[in-house]
Amino acid sequence: MIDRRLFDFPGIKPRVVMIAVLMLIQSLMIIIQARALSVAVVGLWNQQALATIVVPTAIFAVSFMCRHAITVAQNRVFYPFVEKTTGDMRERLMTKLFRLGPSIVEKTGTGNMVTMALEGIDKVQTYLMLIIIKIMDMGITPWVILIYIAFLQWKEAIFLLIIYPVIILFMIILGLAAQSKADRQYEGYTRLSNNFVDTLRGLGTLKQLGLSKKYAGNVYQVSEDYRKETMSTLRIAMTSTFALDFFTTLSVAVVAVFLGFDLMDGKILLLPALTILTLAPDYFLPVRNFANDYHATLNGKNALQAVLDVLEVPETKDRDELKTFTWDENASIKFDDVSLTYDEAKKPTLSHISFDVHGFRKVGIIGASGSGKSTLINLIGGFLTPDKPDHISLNGQKLPHLSQEQWQFNSIYIPQSPYLFHATLRENVSFYQPHATLQTVETACEKAGLTDWIKTLPDGLETMIGEGSRGVSGGQAQRIALARAFLDDKRRVLLFDEPTAHLDIETEAALKEDMLPLLDNRLVFFATHRLHWINQMDYVLVMDHGKLVEQGTPAELAAHEGPYTRLRAEMGGLHALD
Ligand SMILES: Nc1ncnc2c1ncn2[C@@H]1O[C@H](COP(=O)(O)OP(=O)(O)OP(=O)(O)O)[C@@H](O)[C@H]1O
């Protein structure tokens, strides 16, 4: 019902104490209100002078207003806290996502992440606003009322005391049924979000395969399932509200009957009897209020759990082990028996990798598909953490991983499809160097071979590109990535992960020409299937099933029969640019 992690939120405890104090005062107001009303009614019943009724009526009016003013005050005390907490949570979630990188988004699903960060946090807001106040109301108000009733007539107090846990038990049973429905509903919601984003992303492929209609049907089916799950949760929620209302009303009626008998037997006077009868509905009110909002809190609880689960994912530690560092001709990187196992994978994807590279060298990484080239590049880029620390060293310093800020300031990563942000072409190019002058951006674009294309654009460098804007071809996207690298001369480590894999031969040949000058005076790791690149490399790492099976200069490797020569023979058809 209540997530314990809630009490770790900064600032929650003093607020809970304040709410408790307000609630105690409110309970007293409820008692004063009931008492004053009963005094007035009994006065009328006894046909007393109207003047004697004015004071209790006024007390009733004041306590009634105070009671409701305190409800407003409780919300006023709590709302700023809830708003700040959920605002901070949204910010922390975004920061955490940036720190964790794409793996967490892949695992949780893009659609789910988007809905979690937007709607999910709103649901958490509703949850926080309702849950604390309602639960505290259940924990304080009925007991203050009960003590007062016991003071007036112990028999009715005992009946109310016994019936309360029965109602709570009943609520728990219905609540558990609603919880499992709500869990399924939340799963359905997650599935729907991911399915929708997935369909949008794959729209091109689906259209090409003529499957878009079938997939639209799929999205419809998932949303129908979600609707049904929502309706069935609501049905349980409504049934439980109805059942609770029925039982509490029945309990009040039983109290009324007891009081009626006691009155007839002369065991109680009219004033205490009427006070008890007026207080009985207020005794049950907190439970009824809680049950009414239970469904909304369930959704919020699930959303809170999902957000807190992401916030609690451990981050890579020790990112600042490497102090000031610049890659230059004397620098070195050493892998000494490095292995890497993906989470949930049964065996290591990379095993026993050892190599030692110094200064400005171009290192080709080759191997069949699935041999671990991208994984090795990601490990070098610091996006993945090796199984054991201290097997990688930079300039002789052993490091737990390469997710070192100082190392990452030195490197530029260029994947198969570089990501283009929804921004101008100029902003996309000056991504690593936001303060670069127009002149330097133009020079970088010139070196990357973008100038002719830019001339054809309506707003030149100021043209918006990226999602939701002008389309950019695969070759142009690669050139933009190159321009980023040309612009940032300080980053002397380049990590290429099959940058030309999905370009046609002509585009690749033209791009290669512009790319080669960039590779000079840098440390380059270049994972590729296209073996013609190997001629430009100084050193080659040959991967096979996650192992580094051969390494050396291209000439050394070509000089004898081995994995390298076999790979070249197998991929002979791809030597078009040799
Ligand atoms: N996130 C992941 N979780 C678990 N296993 C993964 C993950 N990413 C890759 N793998 C597995 O690791 C192995 C190596 O994959 P990797 O992408 O590094 O190979 P590759 O040589 O770059 O292949 P390709 O040339 O086809 O891109 C594959 O068996 C792949 O299924």
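For clarity, every value in this text was computed on a predicted model and none was experimentally measured.

Quick look at the overall build of the protein chain
Secondary structure assignment for the protein chain yields 17 helices and 12 strands. Relative to the globule expectation of 25 Å for 578 residues, the C-alpha radius of gyration of the protein chain, 35 Å, shows a markedly less compact shape. Going through the 578 residues of the protein chain one by one, you find that 48% of them count as buried. Once local pairs closer than 6 in sequence are excluded, the contacts in the protein chain between residues at least 24 apart make up 77%.

A short note on the environment of Leu503
When you line up the elements, Leu503 lands in the loop between strand S9 (493-497) and helix H15 (505-519). For the pair Leu503 and Asp538, spaced 35 residues apart in sequence, the C-alpha separation works out to 24 Å. Residues contacting Leu503, with those up to four places away along its chain left out, are Gly474, Gly475, Gln478, Glu508, Leu511 and Arg530.

Concerning the nonpolar core
The biggest cluster of nonpolar side chains holds 78 residues, and the ones touching the most others in it are Leu6 and Phe9. Counting residues per element, the ones that place at least two in this core are helix H1 (12-45), helix H2 (50-100), helix H4 (110-152), helix H5 (154-201), helix H7 (212-264) and helix H8 (270-311). Among the elements that take part in this core, H4 stands out by supplying 19 residues, more than any other. Residues in contact with Phe9, not counting those within four places in the same chain, are Phe81, Thr85, Met89, Leu128, Leu304 and Leu308. Ranked by size, the runner-up nonpolar core spans 44 residues in total, among them Leu425, Ala436, Leu461 and Val542.

Description of the packing of H1 against H4
H4 packs onto H1 with a crossing angle of 35° between their chain directions and a minimal axis gap of 9 Å. In this structure, H1 crosses over H4, and the sense of that crossing is right-handed. On the side of H1, the interface is formed by Ile12, Val16, Ile19, Ala20, Met23, Leu24, Ser27, Leu28, Ile30, Ile31 and Arg35, while H4 contributes Ile132, Ile133, Met136, Asp137, Ile140, Thr141, Val144, Ile145, Tyr148 and Leu152. Looking at side-chain class alone, the contact of H1 with H4 contains 17 nonpolar, 2 polar and 2 charged residues.

What to know about the site of the ligand
Within the structure, the ligand sits among Tyr342, Thr349, Ala368, Ser369, Gly370, Ser371, Gly372, Lys373, Ser374, Thr375, Glu498 and His529. Note that a nitrogen atom of the ligand is positioned 3.4 Å from one of the side-chain N or O atoms of Tyr342. Contacts to the ligand include Gly370, whose backbone N or O atom sits 2.8 Å from an oxygen atom. Split by residue class, the shell around the ligand holds 2 nonpolar, 8 polar and 2 charged.

A closer look at the pattern of salt bridges
Taken as a whole and assessed by the stated rule, the structure comprises 15 salt bridges. One salt bridge connects Asp489 with Arg492, and the closest N-O pair in it is separated by 3.1 Å. Given the relative accessible area of 45%, Asp489 is considered partly exposed. Assessed through its relative accessible area of 17%, Arg492 is described here as buried.

Overview of the domain arrangement of the protein chain
Entries for the protein chain in the domain assignment read domain 1 (84-311) and domain 2 (332-574). For domain 1 versus domain 2, the separation of C-alpha centres amounts to 50 Å.

Here we look at a negative patch on the surface
A contiguous patch of negative charge on the surface is contributed by Asp318, Asp320, Glu321 and Asp390. Following the sequence through the fold, Glu321 ends up in the loop between H8 and strand S1 (332-340).

As for the packing of aromatic side chains
The final tally for this structure, using the stated rule, is 20 aromatic pairs. Just above the ring of Trp533 sits the side chain of Lys512; from NZ or CZ to the centre is 5.0 Å.

Structural notes on the pairing of strand S11 (residues 539-544)
Of all 6 residues that make up S11, 5 are buried, and the element is covered over most of its length. The sheet contact formed by strand S3 (residues 362-367) and S11 spans 5 bridges and is parallel. Bridged to Ile366 within S11 is Val542. For S11 and strand S12 (residues 547-552), the ladder comprises 5 bridges, and the chain directions are antiparallel.

Examining helix H9 (residues 373-381)
Counted residue by residue, H9 has 8 buried out of 9 residues, so it is predominantly covered. For H9, the set of buried residues is Lys373, Thr375, Leu376, Ile377, Asn378, Leu379, Ile380 and Gly381.

Observations regarding unusual backbone geometry
Phi is positive for Asp337, close to 60°, though the residue is something other than glycine. By the secondary structure assignment, Asp337 is in strand S1. Exposure remark for Asp337: the relative accessible area of 34% places this residue in the partly exposed category.

Some details on the packing of helix H14 (residues 474-487) against H15
Packing of H14 against H15 leaves a shortest axis separation of 11 Å and a crossing angle of 5°. By the angle class used here, H14 and H15 are roughly parallel. Between H14, through Gly475, Gln478, Arg479, Leu482, Ala485 and Phe486, and H15, the contact on the second element is made entirely by Thr507, Ala510, Leu511, Asp514, Met515 and Leu518. Residues of the contact of H14 with H15, tallied by class, amount to 7 nonpolar, 3 polar and 2 charged.

Describing the confidence of the model for the protein chain
Averaged over all residues, the pLDDT of the protein chain equals 87, while 97% of them reach at least 70. Scored below 50 in pLDDT, residues 573-578 shows 12 contacts in the model against residues more than four places distant or in partner chains.

Remarks on H14
Taking 1.5 Å of rise per residue, the 14 residues of H14 would be expected to cover 20 Å, and the 20 Å separating its terminal C-alpha atoms lies within 8% of that figure. Of all the 14 residues making up H14, 12 are buried; the element is thus mostly covered by neighbouring parts of the structure. All of the buried residues in H14 are Gly475, Ala477, Gln478, Arg479, Ile480, Ala481, Leu482, Ala483, Arg484, Ala485, Phe486 and Leu487.

Let's talk about the side chain of Glu498
Note that Glu498 resides in the loop between S9 and H15. Residue contacts for Glu498: discarding those within four places in its chain leaves Lys373, Gln416, Ala527, Thr528 and His529.

Definitions and cut-offs
- Residues numbered from 1 in each chain as written.
- Predicted model: local features only at pLDDT ≥ 70, side-chain atom pairs only at ≥ 80, totals over all residues.
- Heavy atoms only, no water.
- Helix = DSSP H or I, 4+ residues; strand = E, 2+ residues; numbered from the N terminus.
- Rg over C-alpha atoms; globule rule 2.2 N^0.38 Å.
- Buried < 20%, exposed > 50% of the residue type's maximum accessible area, 1.4 Å probe, protein only.
- Contact = heavy atoms within 4.5 Å.
- Core = buried A, V, L, I, M, F, W, Y, C linked by side-chain atoms within 4.5 Å.
- Axes fitted to C-alpha atoms, helices over the stretch in contact; angles between N-to-C directions.
- Left-handed = near helix turned anticlockwise from the far one by under 90°.
- Nonpolar A, V, L, I, M, F, W, Y, C, P; charged D, E, K, R; others polar.
- Near = heavy atom within 4 Å.
- Polar contact = N/O pair within 3.5 Å; in protein donor to acceptor, adjacent residues only side chain to side chain.
- Salt bridge = Lys/Arg side-chain N within 4 Å of Asp/Glu carboxyl O.
- Domains from an automatic or database assignment.
- Patch = residues over 30% accessible without salt bridge, like charges linked within 9 Å, V, L, I, M, F, W, Y side chains within 5 Å.
- Areas by Shrake-Rupley, 256 points an atom, 1.4 Å probe, with all protein chains shown as cover.
- Lys, Arg positive; Asp, Glu negative; His and termini not counted.
- Charge placed at Lys NZ, Arg CZ, Asp CG, Glu CD.
- Phe/Tyr/Trp six-rings, centres within 6.5 Å; stacked < 30°, edge-to-face > 60°.
- Lys NZ or Arg CZ within 6 Å of the ring centre and 35° of its normal.
- Pairing = 2+ DSSP bridges.
- Parallel < 35°, antiparallel > 145°, perpendicular 65-115°, else oblique.
- pLDDT = per-residue confidence, 0-100.
- Expected span 1.5 Å × (residues − 1).

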